[in-house]
Amino acid sequence: MSWGFENDPEVQEELDWVEEFVRTEIEPVDQVIEHAWNPRDPVRNALIKPLQQRVREKKLWACHLGPELGGRGYGQLRLALLNEKLGRTHSGPVVFGCQAPDSGNAEILAHYGTDHLKKTYLEPLIEGDIVSCFSMTEPHGGSDPTGFRTTARLEGDEWVINGEKWFSSHALWAEFLIVMAVTEPDAPGHKSMSMFVVPADTPGIERVRDVSVWGHDEPVGSHNYLRYTDVRVPAENILGERGQAFAVAQTRLGGGRIHHAMRTVGLVQAAFEMMKRRAVSRTSKGERLADKQLVQEMIADSWIQLEQFRLLVLRTAWRIDRYNDYREVRADISAVKAAMPKVLADVAGRAIQVHGSLGISKELPFGKWVMESFHMGLADGATEVHKVNLAQFLLRGTEPDDGLFPPYTLPVRQAEARQRFADVLAAVDDGEPA
């Protein structure tokens, strides 16, 4: 068996370069651009495109994709180590060509898109020339697809889409949207929907509202409420077979969830680093905050949570690489997804406390990160849903006990042990040598 907690020298050298590049080149960019996903912003393009070129020169562009798509084909474990470095920044994933939702949408197109769709949308998406939108959630159904009402009906050689979608992030900049709609209304819930590529300039798409979220100070909300009214797309724009949208969605959601967790490790590490620096830099009543026992407890608890979460993420990534099937690791991914919001909220919250009034101000990012933890608790499936899924998996195959008391109570186990060793106990009682 092989097991270790150290990286190969070439991998560590690469990670060291990424960490330095993120801190010295990408983090400053975050301070002067409005949104890294907006390819129409000249300031964004002037600052990010040269960085993207440097990443390409280092052969670190879109490492989640296979070589046939221009990536490095990194496994999930190596991606986890890379994404930890990128997760502390807003622009990092865009600079490295692995940002959501584009990374997941690229996987869907690569698996299910026609040659025409790949040429028209996948190639420029991978190159970073365009961005995309995953239009799934609905205002009445939330993220539960069995409650969706948006429909698509086939009329001749076109699909006609009608309905409303909520939180279709980046729709205002996207060149295309991947839309989930009901096509088989009489089928069971998880087999009633199909998925489509919809060009963003298709007539009938209405941006009802551009929704902002707390903690994101952007001039225009980038989580968009859309209405589709008789939106027509060619029949071949369907992704996969009719009724297979749920299976198609898992192509992106399994990877998306673990990648969010990888990046969250980086955010938590950033909060932890700032907490430590503040603790050794500030004094109260004649001694450093770092010498106060309650502050020491905050630091210890934060490190324990961070390391526990990081190891769970890395183990899950390792298992994905081993089985090469997200279905085999669904429970692990649910566990990571459920743990993620609390770790970020707890550590960022403690960082706020250690920084005092500065911590709650907009001069530090902790408030944004606390709000982001609630975002993480909802995106790609609510925390509660993942906990239920995990519990159901863990309980599977556990047999119930029939007796009045469990067979593992100490009196029962003691009686069983005495019966098993009756001859030995009897011999000892008769004075025979053991």
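Bear in mind the structure is a predicted one, so any value in this text is a computation, not a measurement. (Residues numbered from 1 in each chain as written. Predicted model: local features only at pLDDT ≥ 70, side-chain atom pairs only at ≥ 80, totals over all residues. Heavy atoms only, no water.)

Would you mind showing me how to read the overall build of the protein chain here?
Looking only at helices and strands, the protein chain features 14 helices and 10 strands. If you line up the protein chain on its principal axes, its C-alpha atoms span 95 × 65 × 40 Å. In the protein chain, which comprises 434 residues, the share counted as buried stands at 46%. Taking all contacts inside the protein chain whose residues are at least 6 apart in sequence as the whole, residues at least 24 apart take part in 70%. Roughly 22800 Å² of accessible area belongs to the protein chain as shown, and the carbon and sulfur atoms make up 52% of that amount. Separation between the mean location of the 49 positive side-chain charges and that of the 62 negative ones in the protein chain comes to 4 Å. (Helix = DSSP H or I, 4+ residues; strand = E, 2+ residues; numbered from the N terminus. Buried < 20%, exposed > 50% of the residue type's maximum accessible area, 1.4 Å probe, protein only. Contact = heavy atoms within 4.5 Å. Areas by Shrake-Rupley, 256 points an atom, 1.4 Å probe, with all protein chains shown as cover. Lys, Arg positive; Asp, Glu negative; His and termini not counted. Charge placed at Lys NZ, Arg CZ, Asp CG, Glu CD.)

What should I look at first to understand a negative patch on the surface in this one?
A grouping of D8, E10, E13 and D16 is seen on the molecular surface, where their side chains present a negatively charged patch. By secondary structure assignment, the location of E13 is in helix α1 (residues 9–30). Relative accessible area serves as the criterion here: at 58%, E13 is assigned to the exposed category. (Patch = residues over 30% accessible without salt bridge, like charges linked within 9 Å, V, L, I, M, F, W, Y side chains within 5 Å. Salt bridge = Lys/Arg side-chain N within 4 Å of Asp/Glu carboxyl O.)

Where do I start with α1 in this structure?
An α-helical segment advances 3.6 residues per turn. Residues three or four places apart therefore align on the same side. Between its first and last C-alpha atoms α1 spans 30 Å; for 22 residues at 1.5 Å apiece the expected length is 32 Å, and the two agree. Considering bend angle alone, the principal kink of α1 is centred on V22 and spans about 40°. Those residues of α1 that are buried lie in contact with α2 (42–57), α3 (76–86) and α4 (92–95). (Expected span 1.5 Å × (residues − 1). Bend = angle between axes of the 7 residues up to and from the residue.)

What exactly am I supposed to notice about the packing of aromatic side chains here?
Given two aromatic rings, their pairing is described by the distance between the two centres and the angle made by the two planes. All told, the structure shown has 7 aromatic pairs when counted by the stated rule. Centroid distance W17 to F21: 4.6 Å. Interplanar angle 15°. Geometry classified as stacked. With W17 and F21 both in helix α1 and 4 residues apart, the pair spans about one turn of that helix. Of the residues examined, W17 reaches a relative accessible area of 21% and is grouped as partly exposed. You can call F21 buried: its relative accessible area is 2%. Among the aromatic residues, those joined into a ring-pair cluster are W17, F21 and F96. (Phe/Tyr/Trp six-rings, centres within 6.5 Å; stacked < 30°, edge-to-face > 60°.)

Which parts of the structure should I look at to understand the packing of α3 against helix α8 (residues 293–323)?
Relative orientation and spacing of two packed helices are given, respectively, by the angle between their axes and the distance between those axes. It is at 7 Å that the axes of α3 and α8 come closest, and there the two elements cross at 145°. On α8, the residues that touch Q76, L77, A80, L81 and E84 of α3 are R310, L314, A317, W318, I320 and D321. By residue class, the composition of the contact of α3 with α8 is 7 nonpolar, 1 polar and 3 charged. (Axes fitted to C-alpha atoms, helices over the stretch in contact; angles between N-to-C directions. Nonpolar A, V, L, I, M, F, W, Y, C, P; charged D, E, K, R; others polar.)

Would you explain the environment of R149 in this entry?
Inspection of the secondary structure puts R149 in the loop between β1 (132–135) and β2 (151–155). Along the backbone, R149 and P185 are 36 residues apart, and their C-alpha atoms lie at a distance of 9.5 Å. Dropping the residues within four chain positions of it, R149 is found in contact with E138, H140 and N162.

Would you mind going over a nonpolar patch on the surface with me for this structure?
Nonpolar side chains collect at one region of the surface, where F421, V424, L425 and V428 lie side by side and expose about 330 Å² of accessible area between them. Position of F421 relative to the elements: it lies in the loop between α13 (410–420) and α14 (422–429).

Mind showing me how you'd approach the environment of E127 here?
Among the secondary structure elements, E127 is positioned in helix α6 (residues 115–127). Judged by relative accessible area, E127 falls into the partly exposed class, the value being 42%. For the pair E127 and A391, spaced 264 residues apart in sequence, the C-alpha separation works out to 41 Å. Excluding its chain neighbours within four sequence positions, the residues that come into contact with E127 are R56 and W61.

Just to check I follow, could you spell out the packing of helix α9 (residues 330–355) against helix α11 (residues 366–376) for this structure?
The N-to-C vectors of α9 and α11 enclose an angle of 165°; their axes lie 8 Å apart at closest approach. Here α9 lies roughly antiparallel to α11, going by the angle between them. Where α9 crosses over α11, the handedness of that crossing is left-handed. Contact residues: α9 offers K337, M340, P341, L344, A345, A348, G349, A351, I352 and H355, while α11 offers F366, G367, W369, V370, E372, S373 and M376. (Parallel < 35°, antiparallel > 145°, perpendicular 65-115°, else oblique. Left-handed = near helix turned anticlockwise from the far one by under 90°.)

So what exactly am I meant to see when it comes to empty space enclosed by the protein here?
Summary: where empty space remains is shown by rolling a probe the size of a single water molecule over the atoms. Counting across every chain of the model gives 3 cavities of 30 Å³ or more. Ranked by residues supplied to the lining of the largest cavity, first place goes to helix α5 (residues 102–112) with 3 residues. Grouping the amino acids of the lining of the largest cavity by side-chain chemistry returns 6 nonpolar, 5 polar and 1 charged. (1 Å grid on protein atoms, 1.4 Å probe; cavity = no way out; pocket = protein on both sides within 12 Å on 5 of 7 lines; lining within 4 Å. Points joined across faces, edges and corners; volume = space filled by probe spheres on them.)

Quick question: what am I supposed to make of the nonpolar core here?
One recurring pattern in soluble globular proteins: nonpolar side chains tend to sit buried together. By size, the foremost hydrophobic cluster in this structure holds 89 residues, and its most contacted members are F96 and M195. Element by element, the count of residues in this core is highest for helix α7 (residues 245–281), at 14 residues. Beyond its immediate chain neighbours, meaning those up to four positions away, F96 contacts W17, V18, F21, I26, V55, L60, W61, A62, L82 and L86. By size, the runner-up hydrophobic cluster in this structure holds 16 residues, among which are W159, L177, V179 and I238. (Core = buried A, V, L, I, M, F, W, Y, C linked by side-chain atoms within 4.5 Å.)

Purely geometric stuff here, so don't read any function into it on its own.
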